[in-house]
Every structure is written in C-alpha cells, then in structure tokens.
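Coordinate analysis (summary)
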Amino acid sequence: MLYYRDLKIKLHPQVYEPAEDTFLLAENLMIKEGDFALDMGTGTGIIALLMAKKAKFVLGVDVNPIAVELAKENARLNGIINVEFKQSDLFQNVGGKFNIITFNAPYLPGEPEEPIDLALVGGREGREVLDRFIEEVNGYLTENGIIQIVQSSITGVDKTIEKLTSKGFKVEITGKERYFFEEIVLITAKRVGFSEPLE
C-alpha cells in the first residue's frame, strides 16, 4: 500500500508502481475545477484520482487489464466516484473531448514481454507509443486543451517538443528532475485556438 496526500493506493507486481516520474506529474498537474480529464496509461490510477478531486469527470485508460482492475479498486478504496477506468490501447476505446490529457509515456527501447513492461517499453526505439499518442491526441482535446507528458531524456525531449509544435501546440517544460543517467521532464503543451484537429 502506498500513501500519497490523502490517497491510499494498492499496488500490484504487474502494474507500474508510482515513482519519481509519477510524483513530478502529480506536483505539477494543471487540472482546473470542472475539467473533463483523461489519464493515459493510468497504472494504479493515482493521477486520475488526484485529478478527480477538482475535475467534473476523469477517464483513466491503460492497455494493461491488470492496471485497469487495480485502478477501479483504488477508486473504490478512496470513495471517488467521478472517475471511470477502462482498457484501451491509447485512444482505441476513448470517445469525447477533454480539457486536459496526461500521459506518463513508456520510453525504454524494446518489446513488452509481460504486463508490467507495457508501462515502460515504448517500442523498438522507445518512442513509438509516444509518437502514436502525439499523432492522435488533437482529436480528443477541447479547443484550448492541455496535454501534460512525462518523458525521459533518453528518448529525445527535443523531438517531442518539435512534433507537438508542428501540430499547433504552444509547448513548455514545466518540471524536471535529474537521476543517475537521465533527466525526467514534464512537457506541458497547450492547444492554441484550433477548432479542428490538424492533419
């Protein structure tokens, strides 16, 4: 069991345990009262549950079915009802538009072998999952929506900023922490005045 702020979070060996990257996002969430929020790759559900304290409604999705069940259990454990969790490979089972979308992206190069790897391994170069997310995210944001992405310097922060900028986002780094061999960066991207998703 993990205790963070006033949340009690159950853990599971096949679900990513909240760590420094999670807490960097948690401390810098740009959630506002009444927002509709989407937490991509929700894991234990901790970020979704934190956002639910202000948001009108939060959807948390994860490709790992064990994570989805665990997140549902954590919502029940904390008595939080304005949140829903479902299994989805990125936006596959997501509908509607959101004011804020958070994503603690997998970034290790390689192919996942067991459920826990889905949280960490992002494809052959480590960026494939993140790049797919960037390609699709515009269609799920409200006009002035915000994306917050946690990323490791291992997989090219500049490349992410470049891709987001080319999609019409105003991008800034709103948090960072250095560890042994990498820097964990929080990228906040605001969609500026586009009413239609950019192609």
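The structure presented is a predicted model; accordingly, all values stated were derived computationally and were not measured.

1. Structural notes on the overall build of the chain
- Each helix and strand in the chain was counted, giving five helices and nine strands.
- Ordered by position from N to C terminus, the α and β elements of the chain give β-β-α-β-α-β-α-β-β-α-β-α-β-β.
- Since a compact globule built from 199 residues should have a radius of gyration of about 16 Å, the 15 Å found for the chain is in line with a globular shape.
- Principal-axis analysis of the C-alpha atoms places the extent of the chain at approximately 40 × 40 × 30 Å.
- Evaluated residue by residue, the chain yields a buried proportion of 51% over its 199 residues.
- Put simply, 64% of the contacts in the chain that link residues at least 6 apart link residues at least 24 apart.
- Put simply, the chain has 22 plus and 31 minus side-chain charges, and the middle of one group is 6 Å from the middle of the other.

2. Topic: the side chain of Asp21
- Tracing the backbone shows Asp21 in helix H1 (residues 20-27).
- For the buried residue Asp21, which engages in no salt bridge, the nearest side chain bearing the opposite charge is Arg5, 14 Å off.
- Not counting the four nearest positions on each side in its chain, Asp21 is found in contact with Tyr16, Asn104, Val150 and Ile184.

3. Things to note about the side chain of Asp62
- Checked against the element boundaries, Asp62 lands in strand S4 (residues 57-62).
- Beyond its immediate sequence surroundings of up to four residues, Asp62 is in contact with Gly41, Thr42, Gly43, Ala67, Val68, Lys86, Gln87 and Ser88.

4. Quick look at the pairing of strand S8 (residues 169-179)
- Pairing of S8 with strand S9 (residues 182-191), which is carried by ten bridges, proceeds in the antiparallel orientation. Among the inter-strand pairings, Phe169 is bridged to a residue of S9, identified as Arg191.

5. Quick look at the pattern of salt bridges
- All chains considered together, the criterion is met by eight salt bridges.
- Notably, a salt bridge pairs Asp89 with Arg132, separated by 2.9 Å at the nearest N-O pair. Of this pair, Asp89 sits in the loop between strand S5 (83-87) and strand S6 (98-104) while Arg132 sits in helix H4 (residues 128-137), and the two are 43 residues apart along the sequence.
- The partly exposed category is assigned to Asp89, whose relative accessible area is 33%.
- The residue Glu135 makes a salt bridge to Lys167 at a minimum N-O spacing of 3.1 Å. Remark: Lys167 occurs in the loop between helix H5 (157-166) and S8 and Glu135 occurs in helix H4; sequence separation between them is 32 residues.

6. Details of helix H3 (residues 65-77)
- Helix length check: H3, at 13 residues, gives a terminal C-alpha distance of 18 Å against a target of 18 Å (1.5 Å per residue), a fit within 8%.
- Of all the positions in H3, only Ala67, Val68, Leu70, Ala71, Asn74 and Ala75 are classed as buried. Each buried residue of H3 sits inside an arc of 165 degrees when the element is viewed along its axis, so together they form one side.
- Looking one or two residues past H3, Gly79 carries a phi angle of roughly 65 degrees, positive in sign.

7. Some details on the confidence of the model for the chain
- Of the residues in the chain, 93% have a pLDDT of 70 or more, and the chain-wide mean is 90.
- For the stretch residues 195-199, pLDDT sits under 50, and the model shows eight contacts to residues farther than four places along the chain or on other chains.

Cut-off values and rules
Residues numbered from 1 in each chain as written. Predicted model: local features only at pLDDT ≥ 70, side-chain atom pairs only at ≥ 80, totals over all residues. Heavy atoms only, no water. Helix = DSSP H or I, 4+ residues; strand = E, 2+ residues; numbered from the N terminus. Rg over C-alpha atoms; globule rule 2.2 N^0.38 Å. Buried < 20%, exposed > 50% of the residue type's maximum accessible area, 1.4 Å probe, protein only. Contact = heavy atoms within 4.5 Å. Lys, Arg positive; Asp, Glu negative; His and termini not counted. Charge placed at Lys NZ, Arg CZ, Asp CG, Glu CD. Salt bridge = Lys/Arg side-chain N within 4 Å of Asp/Glu carboxyl O. Pairing = 2+ DSSP bridges. Expected span 1.5 Å × (residues − 1). Arc of directions from axis to C-beta. pLDDT = per-residue confidence, 0-100.

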